[in-house]
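Here is how the chains run, residue by residue.
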Amino acid sequence: MPIVRERGIFMLLIRVLNQFCNPIEGSILKLHRLKAADTLSLLVETEDFNTHRSSYYNQSGLGGDIDAMVELKECCLKDLLTDMDSRKMIRPLVDCIDRAKRQMKSLALKK
């Protein structure tokens, strides 16, 4: 997992999905979005991710990492969350995004 962490593959995949899930410019297939989200979910469940979370995305809210994650959930994963089977597959990713969003809000309140 160190290579995945060092090269920033987690956030790269999120940014690519956000870029190509734009309905105006054309979107990638639903199956491909599901497979990419499933891959991210599997990554989120690893011990390395949970131990080195700050190496995978910027938790301070700077750099737009958390905003990109929230955009992924609201735009790209929205229709995947309506199907129960898909929802089960990507639940770890959705939980990670929700946790990051809560942490960002709590940091903003402390300032």
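To be clear, the structure that these remarks concern was listed above.
What counts, and where the lines are drawn
- Residues numbered from 1 in each chain as written.
- Predicted model: local features only at pLDDT ≥ 70, side-chain atom pairs only at ≥ 80, totals over all residues.
- Heavy atoms only, no water.
- Core = buried A, V, L, I, M, F, W, Y, C linked by side-chain atoms within 4.5 Å.
- Buried < 20%, exposed > 50% of the residue type's maximum accessible area, 1.4 Å probe, protein only.
- Helix = DSSP H or I, 4+ residues; strand = E, 2+ residues; numbered from the N terminus.
- Contact = heavy atoms within 4.5 Å.
- Phe/Tyr/Trp six-rings, centres within 6.5 Å; stacked < 30°, edge-to-face > 60°.
- Axes fitted to C-alpha atoms, helices over the stretch in contact; angles between N-to-C directions.
- Parallel < 35°, antiparallel > 145°, perpendicular 65-115°, else oblique.
- Left-handed = near helix turned anticlockwise from the far one by under 90°.
- Nonpolar A, V, L, I, M, F, W, Y, C, P; charged D, E, K, R; others polar.

## Topic: the nonpolar core
Core analysis: the biggest nonpolar cluster contains 29 residues, and Phe10, Tyr57, Met69, Leu72, Leu77 and Leu93 have the highest contact counts within it. Of all elements in the fold, only helix H2 (9-20), helix H3 (30-44), helix H6 (65-76) and helix H7 (84-110) reach the threshold of two or more residues within this core. Those residues in contact with Met69, other than ones at most four positions away along the chain, are Phe10, Met11, Ile14, Tyr57, Cys96, Ile97 and Ala100.

## Remarks on the side chain of Asp38
Here Asp38 shows up in helix H3. Sequence-distant contacts of Asp38, defined by excluding residues within four places in its chain, comprise Met89 and Ile90.

## What about the packing of aromatic side chains?
As enumerated under the stated definition, the model contains five aromatic pairs in all. Judged by centre distance (6.4 Å) and plane angle (85°), the rings of Phe10 and Tyr56 are edge-to-face. Taken as a pair, Phe10 in helix H2 and Tyr56 in helix H5 (residues 53-56) lie far apart in primary sequence, 46 residues in all. Like Phe10, the residue Tyr56 is buried in the burial classification. Arranged with centres 4.8 Å apart and planes meeting at 45°, the rings of Phe49 and Tyr56 form a pair that is tilted. Residue class for Tyr56 comes out buried when judged on its relative accessible area of 4%.

## Digging into the packing of H2 against H6
Packed helix pairs are specified by the crossing angle of their axes together with the interaxial distance, meaning the distance between the axes. At their nearest, the axes of H2 and H6 sit 9 Å apart, and the two run at 45° to each other. One element, H2, and the other, H6, form an angle in the oblique class. H2 and H6 meet at a crossing whose hand is left-handed. Residues Phe10, Met11, Ile14, Arg15, Leu17 and Asn18 of H2 pack against Asp65, Ala68, Met69, Glu71, Leu72 and Cys76 of H6. Grouping the constituent residues of the contact of H2 with H6 by class yields eight nonpolar, one polar and three charged.

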